Amino acid sequence: MSGCKPVVERDFTAVPYPGNLPEPMPTWEKGLKIGACVCVEFVALFGNLLLIAVVLRTPRMRSTINCYIANMALADLMVALGPMWIHVTSDVIDGWPLGGFLCKFNSLVQVTAMVASVMTLMAIAGDRFFAIIFPLKSRVTERRVSFVVIFIWLSALGIGLPPLFFYTYTERQWKDYLESFCTDVWPAVVSDDGECDQGLTSKQAYWTVVSVVLNWLPMAVMVAVYAVIIHRLRFSRVQPSAGRNKSLMSAVQRRSKRKVVKMLVAVLISFMVCTIPFQVTNLYPLYSHDMNEKLPAWHKTVYFAAVFLMYTNSAINPILYGGLNENFRRGARDLFNSLLGRQTAPNLTYTTNLTMPRYPPVSVVHNEAERIAVKEGGDKNSLRQLAESAAYVYMNTALPSKPADQPPDEDDVESGENGDIESRH
């Protein structure tokens, strides 16, 4: 019955380092890892800063969904500013060269950003679920979204605090080598037979909660939620209505919903692919390995790749937003034009600066209306009605500002009670 005895550091300055000294990393490997880090870091910093700037600068982009997306960009920006380059630096340089503060701060930011991201994804999935499945139910408004964001960050920070207390930087001076490392020392527990677990139980409990309860379980819930949403959007049909342009408006809104959900599902899949390998490799030493034995040689390489893949997600997200959402691209163009002193081009659908609005040809509108109706399952008798409705709206609107009954572009729709599109005018 040994119990948990305090660890006493001894003086090894007169003792040669046991075993072989660590071999330096090959130059090509250092260059490859540093180059990859610089590329991902640049995309993550530039992309997420641009995304946040577009949402803050453009009033029509400050919808509930876009506020959540900007919140995810903030979490990704934190990763790019800290853990990403710290991870690569500690790998290419022997030991832990960054001191005690970054030893604690790195783990705090890593866990906080990861939890904030998954909670934001949950908030987005919940908002989409109620907007599409229960459109008449009250949801989180744009004024209240700030309270949700504050709750997310306070919760994420509370979950990320334990590493701040339990990660420790240690230096051990040997006769011929200075050993430095950053490791976590968790509260030890004495088992029934009197053996000390060296903190294994506490460490298992914390990382299991972070990985399983706060990541895998929410991911499973979000997959189910989006499956229900996709099923609803796929099998629901456009019902022709008595209004001249009601059917066309409904079809455009439905397509807009699908585009938004497509983007959000892509973001969720990217997050899962990039974070699950890290969580698996992080849990592996806790459950399938004897703590008194050395880890397999492959684990270090796999762990580095898994952590770097998780950080790469910070650069993938802004690419997905920009590639799958015209509003962000349009907002970015407006932002650059403003910074360069250029005049923003007027919207082709309507304008407040021109006396004569410009419209697409009637044939284009007619063909698009028929294509939408066929895709949405409308009957043949409603095709002509949809086409004539679209042509009427485009050709009989002579006001310089957008009329109330004109069906807007897909990326400009906001459905009011449905809240299905993220841009507002």
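Residues numbered from 1 in each chain as written. Predicted model: local features only at pLDDT ≥ 70, side-chain atom pairs only at ≥ 80, totals over all residues. Heavy atoms only, no water.

K.L.:
What is the right way to read empty space enclosed by the protein from this model?
P.N.:
Going through the model one piece at a time under the given rule, you end up with three cavities of 30 Å³ or more. Its boundaries defined by the atoms lining it, the largest cavity holds a volume of some 120 Å³. Along the walls of the largest cavity sit 13 residues, with Val79, Met114, Ser117, Met310 and Ser314 positioned nearest its centre. The set of elements that each furnish at least two residues to the lining of the largest cavity consists of helix H2 (64-81), helix H4 (99-132), helix H7 (246-287) and helix H8 (297-324). (1 Å grid on protein atoms, 1.4 Å probe; cavity = no way out; pocket = protein on both sides within 12 Å on 5 of 7 lines; lining within 4 Å. Points joined across faces, edges and corners; volume = space filled by probe spheres on them. Helix = DSSP H or I, 4+ residues; strand = E, 2+ residues; numbered from the N terminus.)

K.L.:
How do you make sense of the packing of H4 against helix H6 (residues 200-235) when you look at a structure like this?
P.N.:
Pairs of packed helices are described in terms of their axes, by the angle between the two and the distance that separates them. Where H4 meets H6, the closest approach of the two axes is 10 Å, and the angle between their N-to-C directions is 25 degrees. Here H6 runs roughly parallel to H4, going by the angle between their axes. Classified by chirality, the crossing of H6 by H4 is left-handed. Grouping the amino acids of the contact of H4 with H6 by side-chain chemistry returns 22 nonpolar, one polar and two charged. (Axes fitted to C-alpha atoms, helices over the stretch in contact; angles between N-to-C directions. Parallel < 35°, antiparallel > 145°, perpendicular 65-115°, else oblique. Left-handed = near helix turned anticlockwise from the far one by under 90°. Nonpolar A, V, L, I, M, F, W, Y, C, P; charged D, E, K, R; others polar.)

K.L.:
Got a minute to help me understand the pattern of salt bridges in this structure?
P.N.:
Between side chains of opposite charge, a pair can form when the charged atoms approach closely. Under the defined criterion, the tally for this structure stands at seven salt bridges. The salt bridge involving Arg329 is made with Glu326; its shortest N-O contact spans 2.6 Å. Here Glu326 and Arg329 lie together in helix H9 (residues 326-339), a separation of three residues that amounts to about one turn. Judged by relative accessible area, Arg329 falls into the partly exposed class, the value being 30%. Residues Glu326 and Arg333 are paired through a salt bridge, measuring 2.9 Å at the closest nitrogen-oxygen approach. Taken together, the shared-partner salt bridges in this structure form one network comprising Glu29, Lys33 and Asp91. (Salt bridge = Lys/Arg side-chain N within 4 Å of Asp/Glu carboxyl O. Buried < 20%, exposed > 50% of the residue type's maximum accessible area, 1.4 Å probe, protein only.)

K.L.:
What should I look at first to understand the packing of helix H1 (residues 27-57) against H8 in this one?
P.N.:
Running from amino to carboxyl end, H1 crosses H8 at an angle of 35 degrees, the nearest separation of the two axes being 8 Å. As H1 packs across H8, the resulting crossing turns out to be left-handed. Counted together, Lys33, Ala36, Cys37, Val40, Val43, Ala44, Gly47, Asn48 and Leu51 of H1 and Phe304, Phe308, Tyr311, Thr312, Ser314, Ala315, Pro318, Ile319 and Tyr321 of H8 form the full contact between these two elements. Of the residues belonging to the contact of H1 with H8, the class tally is 13 nonpolar, four polar and one charged. (Contact = heavy atoms within 4.5 Å.)

Any link to function would need more than the numbers given here.
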